[in-house]
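Observations on chain architecture
Residues per chain are reported as follows:
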Amino acid sequence: MTKINIALGFSLIVCALLLINSQYQARRLFFELEREQGLSKQYETEWTQLRLDQSIYGKTSRIESVARNELNMVPVTPERTQFLKAAEMK
């Protein structure tokens with residue numbers, strides 16, 4: 001009878017330790033999941049901002065305005081266009 005009690009007591013301790021370990025792992029994984037979800041939200045916000053920036057800075061009117069005002073560029077006209085002939089290869 002005492003061998004059965006010792007075996008049951010030992011198995012009870014092992015089960016208790018396994019339960020504690022599984023609860024620890026579950027908490028650790030939950031905190032990791034929370035952290036990753038926070039990073040996901042942060043990346044989503046950053047992606048939205050980048051798409052907004054791309055739509056603002058990629059507009060043709062904005063590019064033309066910067067080219068004219070900041071870079072002092074002017075549109076190409078047919079009078080200013082020069083055509084070059086390719087040399088013939090022998």
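Above: the structure in question.
To start, this report covers the structure provided alongside it. Bear in mind that the values here come from a model prediction, so they are computed numbers and not experimental data. Counting restarts for each chain, with residues numbered from 1 along the sequence as it is written. The predicted origin of the model limits local features to residues at a pLDDT of at least 70 and limits the giving and counting of side-chain atom pairs to 80 or more, whereas totals for whole chains, interfaces and linings rest on all residues. Hydrogens and water molecules were not included; the side-chain quantities draw on all heavy atoms of the structure.

Moving on: the overall build of the protein. In terms of helices and strands, the protein carries 2 helices and 0 strands. Taken over the C-alpha trace, the protein has a radius of gyration of 35 Å; the compact-globule value for 90 residues is 12 Å, which it surpasses by more than 25%. When its C-alpha atoms are laid out on the principal axes, the protein stretches across 110 × 45 × 15 Å. If you sum the accessible surface of the protein, you get close to 9200 Å²; carbon and sulfur atoms cover 63% of it. Each charge sign in the protein was given a centre, from 12 positive and 10 negative side chains, and these centres are 6 Å apart. In this description a helix means any DSSP run of H or I spanning at least four residues, a strand means any run of E spanning at least two, and both kinds are numbered starting from the N terminus. Only C-alpha atoms enter the radius of gyration, while the globule expectation follows 2.2 Å times N to the 0.38, with N the number of residues. The protein chains shown are the only cover counted for residues, whose accessible areas, like all others here, come from Shrake-Rupley with a 1.4 Å probe. Asp and Glu count as negative and Lys and Arg as positive, but His and the ends of the chain are not part of the count. The atom standing in for a charge is NZ when the residue is Lys, CZ when it is Arg, CG when it is Asp and CD when it is Glu.

Attention now moves to unusual backbone geometry. A positive phi angle, close to 55 degrees, is found at N72, a residue other than glycine. Topologically, N72 is positioned in the segment after α2 (60-69). Here the term buried applies to any residue with accessible area under 20% of the maximum for its type, exposed to any over 50%, and partly exposed to those in between, with areas from a 1.4 Å probe on protein chains only. Classification of N72 as exposed rests on a relative accessible area of 64%.

Further remarks concern the pattern of salt bridges. Think of a salt bridge as a Lys or Arg side-chain nitrogen and an Asp or Glu carboxyl oxygen that are within 4 Å of each other. Counted by the stated rule, this structure contains 3 salt bridges. When the shortest N-O distance is used, the salt bridge between R28 and E32 registers 3.6 Å. Pair noted here: R28 and E32 are both in helix α1 (residues 2-57), with a separation of 4 residues, about one helical turn. A relative accessible area of 33% means that E32 is categorised as partly exposed. The salt bridge partner of E64 is R68, with a shortest N-O separation of 3.0 Å. Taken as a pair, E64 and R68 lie in helix α2 at a separation of 4 residues, close to a single helical turn. For E64, a relative accessible area of 39% puts it in the partly exposed group.

Turning our eyes to something else, we now look at a nonpolar patch on the surface. Like charges within 9 Å and nonpolar side chains (Val, Leu, Ile, Met, Phe, Trp, Tyr) within 5 Å are joined into patches, using only residues over 30% in relative accessible area that form no salt bridge. There is a patch of nonpolar side chains on the surface, built from F10, V14 and L18 and spanning about 310 Å² of accessible area. Inspection of the secondary structure puts F10 in helix α1.

Examined against the element boundaries, T45 turns out to sit in helix α1. Each C-alpha atom of the pair T45 and M1 lies 66 Å from the other, and the pair is 44 residues apart in sequence.

For the rest of this paragraph, the subject is the environment of M89. Its place among the elements puts M89 in the segment after α2. For M89, a relative accessible area of 82% gives the class exposed. Here the alpha-carbon distance between M89 and R62, two residues 27 residues apart in the chain, equals 43 Å.

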